[in-house]
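Residue-level structure breakdown
Spelled out from the first residue to the last, the chains are:
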Amino acid sequence: MIIPSLFFAIFGLKQDFVIPAEASAEYRKLATEIEGAIAERDFTKGSKLISRLPGTMAAYRIDLSKVAQTKRPVYQAAITAAAKAWQTGLADGITFKSFDSGVTEILFRFDPTAAGFGWQFVQDPSSSRVTATASLKPGIPLPDVAAGAKLAFARYMGIGTVSKSAGLTDKDIQVAKKIFTLSRLLEDSIQALAPTFNVPVGASTEFHHLVLDIESALIAKDFVRAEKLSHLLPTVSVSWSLDTSKLNADQKTEYSQIAKAVENQWQMAVGEAVKFKKVDSGRADIAISFEPILSKISGTSGVAGAAIFLGADSTQPRVETVIGLKRGSNLLKVLGREVYNECLFTFGRYFGLAPNPMLGTAMGRVEGQMFNPNSIASQEMAAARKIIKLSQQLREAIQKKQVIESVHPILSLGQESIAFKEQFQGDEGRAQVLVTNTGNSPLEIEVRGDCGCINGEVVSVLAPGKSTFLTGIFNTIELAGDVHHNLILKTNDPDRPMIIIPVSISVIPRAEVVFPSSNTAYMDTSEQSFSFYVNSVEPKLFKVIEIAVIGLPFTAKSELYDGEQPNFMKQGQIQKIHGYKVTVDTSKMPVGAIFGRQSAMVYVRTDNPKLGVVKAQMFVQKGIVSLPESVYLGSPQGVSDSSLVLIRLGRPFKVKSITSDSKYLTFENVPNSPTYPSGYTIRVIYDGKAPGHRLKGTITVETDDAKQPTIKIPFQTSQT
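Presented here is an overview of the structure given in this document. (Residues numbered from 1 in each chain as written. Predicted model: local features only at pLDDT ≥ 70, side-chain atom pairs only at ≥ 80, totals over all residues. Heavy atoms only, no water.)

Examining the overall build of the protein chain
Scanning the protein chain from N- to C-terminus turns up eleven helices and 38 strands. Against the globule reference of 27 Å for 720 residues, the protein chain gives a C-alpha radius of gyration of 35 Å, more extended than a compact globule. By its C-alpha atoms, the protein chain is 105 × 80 × 45 Å across when sized along the principal axes. Evaluated residue by residue, the protein chain yields a buried proportion of 48% over its 720 residues. Pairs at least 24 apart in sequence give 68% of the contacts found in the protein chain among residues at least 6 apart. (Helix = DSSP H or I, 4+ residues; strand = E, 2+ residues; numbered from the N terminus. Rg over C-alpha atoms; globule rule 2.2 N^0.38 Å. Buried < 20%, exposed > 50% of the residue type's maximum accessible area, 1.4 Å probe, protein only. Contact = heavy atoms within 4.5 Å.)

Structure representation (C-alpha cells):
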C-alpha cells in the first residue's frame, strides 16, 4: 500500500514508503481504512481507527491455571524473555508489562482441551488485542512456548511473519521498527485533522464543560446558543469591582490597595494583551465584597473564609466572591494576606483555573487562617494564557459559524490508589498504575506529589486509545512506619481535570531508638548521664561516625552493644539490641536551672548512606512539671473540659489544693493514675457561663514540696 498524497503533504515523506510485506493481514486492513479516513478528512472515523494501532505500551497476562505446577515457572520465564527481547530490540520504543488480572493487550492461555498442535492466535477486530492459546493436549515443549510468545508479541505489533529462529533477528527488529514508525505517522496525520479547541491542563471543570457546551452548539449548528454561551468565556478586557461598604476606614484603604496589587500580579501573569479596569458601579466581570461573618462550613465548627459564585449569564458577574471579615473555628479577624489570597484566587477563577490542593499557589486557597501571601505559579500562568487564547479561537469559530466535531480526551485509571511494597528505609519504593486515554483527543497529564518524599513519572501527552504507566516513586530516606500521601494528577479530561491518588507504603526503619526506662533525664537526682540504645534492624551493622546534641549543652559518646534491654515505648517488653549504647553527659546542665522540662535532639550520624542520621528526642526535667505547660479549652459553646498531668518520676509528692483566678473553673484531681504512677491527672472543667466564653488566667497548684510549694499553669479559651 502506498501512502496517499495528503499524508505526504502533511509530513513531507517520500512516496516510496510502503508497508512491509511481513505485516499481518489485520494491520494491512487497518492501515487501509485509516488511509481512507485521511483522504476523506474524517477525523471521527480516523480517531476510532488509530486506537487499534499498536501502542508504545502493552500489557500482557499469562494464564497458567491449567498448566502443571512444575512447568509454570519455565513457561512464564520463556514468555517474559520474549517480551524483554522485543523491548530491547526496539530500544525501549515499546514497553511490555505483565499483569496478573484484568483485560490486557496480549493474553497467553494454555488449554488441555484445545484441538491441534502448537499455538492459535485470535486478534480482536475492534482493537489490537491478541489472544494466544497453546494446546496442552499433546504437550508443548519449552522451545515452542518461546516461539509462540515471540509470534504473539509480533502479532500485537502488526507483524504477520517472523523469522523461524528462536530469538529475534535483525530483520525482525527492522520490520517492527518500520511498522511502528508508520503507526505513529498515521496517528499524527489523523490528529492533524482534529479541531484545535484543546483545553489545557489546570483548567476548571466548569470551564471544560463550558467549552464542551459551545462545541455541542457548533456541532448542532445552533450558533445563537453558542454566541450566548461565549459571554461566559474570559475576555481580554476584564472589569472588576470592590464593594467596601461593610469595611471601616482603615480596611477600605488597605483592602483597596491589596485588590490593586492582585490586579498587577495577574497583569504580569497573562500579559499586556489583557486589559484590566476597575469599575465603581454597574456590572463587573469580577465582583468582590465583604460581610461581617459567613455561614458555617457543613460538618465543621468553623465558618467559611469566602463564598465564591460563578455567574450563569451575561447579566451577572462571571465570578463573585464574598469575603468574611472573620474566619475559621476561632472566628479570627481576616488579615490583609488572606484578603490578598482570596482576591488572587478570584481572578484565577475568572480565567478558568481550577482550585489547586498545593498551598502557596494562586489557586491553593483554604477556608481557615492563611499564614503567607500566595503567588501565581508558572503552570497557572501558562494555563491562563492558553485559556484566553482558546476563548478567542472559540469566539472566532462562532463568528464564522464554523461546524466542528466533538473532540476530547477521557482518562481511565487501572486503579484509584497505589499501595507500594514494603521497603527498608532508604530504598526507593516504586509502583505503577495503568493510565489509558479512551477519548478521541490527546490527553495531557501532569503529576506531582503532595510532599517531597513522593513523586510521579508519566508521559506528558497520551494519544487517543493508548495506554501508559504512571510510576509513583517514594523516597524513604526520611520515612519510617506506615506512610500515607497523595499523588496529584492534572489532566485536560473535562470530567477529571484533577485526580487525587492516595499512595501508601510501609517502611522498615534500618535502625530504631530504644529508651530502656524513660526518654527523660531527671535533674533532681545525682545522676550526671542518660543512656539510650540504637538498634540495627537490618543484619548489617552500621558504624557510628559522630554524635551531636542540639538544644542543651550536652555531649554524647557511643559504644558497641549486643544484649537485651526493656523498651520504654513498649511497656513490659524486653528487646534484643544489636547496635550501640549512646550515653549523654548531662553534667553541664546549669546549676540552679529553673524547674521545668526542656527538650534536646540527639543526632547520631552513621556510615550507612541509606540510613544517614538517626534522631532521638530526649527531655530534661527538674522538679514537678505540667504536661502540657498550659491548658487550652478551645472554642466552647457551653460546658467543656481539658486535662493536664503533674509529674515527677521517681519522687512522689502530694497536691494540697488547686485554685484559679476564674470563678468559672472547677477541678477534679486523680492521684497515682496508671499512666503516671508518680503524678496526678487533673481535669479542668469549665461551666460554660463566662460572657462570650472568653477566659484567660492562671491555675495555681499547691504541693507539699518545700522547693516547689506552688505551680502556676496558664489557661485560656479562644480569644476573638
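Now that the structure has been shown, the text picks up again.
Focus: the sheet that holds strand β13 (residues 411-413)
Judged by pairing direction, the sheet is antiparallel, and its four strands sit side by side in the order β13-β16-β20-β18 without closing on themselves. Two strands in the sheet have a free side with no partner beyond their single neighbour: β13 and β18 (454-457). Strand-to-strand twist across the sheet, computed as the mean angle between neighbouring axes with direction ignored, equals 30°. Taken together, the three bridges between β13 and strand β16 (residues 429-437) define a ladder with antiparallel strand orientation. When the sheet's bridge partners are listed, L413 is paired in β16 with V435. (Pairing = 2+ DSSP bridges. Axes fitted to C-alpha atoms, helices over the stretch in contact; angles between N-to-C directions.)

Observations concerning helix α3 (residues 43-50)
The complete set of buried residues in α3 reads F43, G46, S47, L49 and I50. Projected onto a plane normal to the axis of α3, the buried residues spread over an arc of 165° and lie on a single side. Of the surrounding secondary structure, the elements contacted by the buried residues of α3 are α2 (25-40) and α6 (170-191). Two or three places before K45, at the start of α3, stands the capping residue D42, its side-chain oxygen 3.0 Å from that residue's backbone nitrogen. (Arc of directions from axis to C-beta. Polar contact = N/O pair within 3.5 Å; in protein donor to acceptor, adjacent residues only side chain to side chain.)

Remarks on the pairing of strand β8 (residues 286-291)
Regular strands have side chains that alternate between both faces of the sheet. Within β8, five of the six residues are buried, which leaves the element mostly enclosed by the surrounding structure. Two elements, strand β6 (residues 237-242) and β8, share three bridges in a ladder whose sense is parallel. Paired with S241 across the bridge in β8 is A287. With six bridges joining them, β8 and strand β10 (residues 319-324) adopt parallel strand pairing. From the neighbouring strand, A287 faces β10, where its bridge partner is E320.

Focus: the environment of A132
Following the sequence through the fold, A132 ends up in strand β5 (residues 130-135). Separated by 207 residues in sequence, A132 and V339 place their C-alpha atoms 63 Å apart. Those residues in contact with A132, other than ones at most four positions away along the chain, are L107, F108, R109, W119, Q120, F121 and A152.

What about the state of the cysteines?
All chains considered together, the criterion is met by one disulfide. Note on cysteine connectivity: C451 is disulfide-linked to C453, with sulfurs 2.4 Å apart. Since a negative S-S torsion denotes a left-handed disulfide, the C451-C453 link at about -80° is left-handed. On the basis of relative accessible area, C451 is assigned to the partly exposed category, the value being 24%. What makes C453 buried here is its relative accessible area of 12%. (Disulfide = S-S within 2.5 Å.)

Things to note about unusual backbone geometry
Following L627, the chain continues to P628 via a peptide bond in cis, the omega torsion being -5°. For P628, the location among the structural elements is in the loop between β31 (625-627) and β32 (631-632). Of note, the phi angle at R41 is positive, near 55°, even though the residue is not glycine. When you line up the elements, R41 lands in the loop between α2 and α3. You will see that K221, though not glycine, has its phi angle at about 60°, which is positive.

As for a nonpolar patch on the surface
Together, I550, Y603 and V613 give the surface a local cluster of nonpolar side chains, amounting to about 240 Å² of exposed area. Mapped onto the elements of the fold, I550 is located in strand β26 (residues 544-550). (Patch = residues over 30% accessible without salt bridge, like charges linked within 9 Å, V, L, I, M, F, W, Y side chains within 5 Å. Areas by Shrake-Rupley, 256 points an atom, 1.4 Å probe, with all protein chains shown as cover. Salt bridge = Lys/Arg side-chain N within 4 Å of Asp/Glu carboxyl O.)

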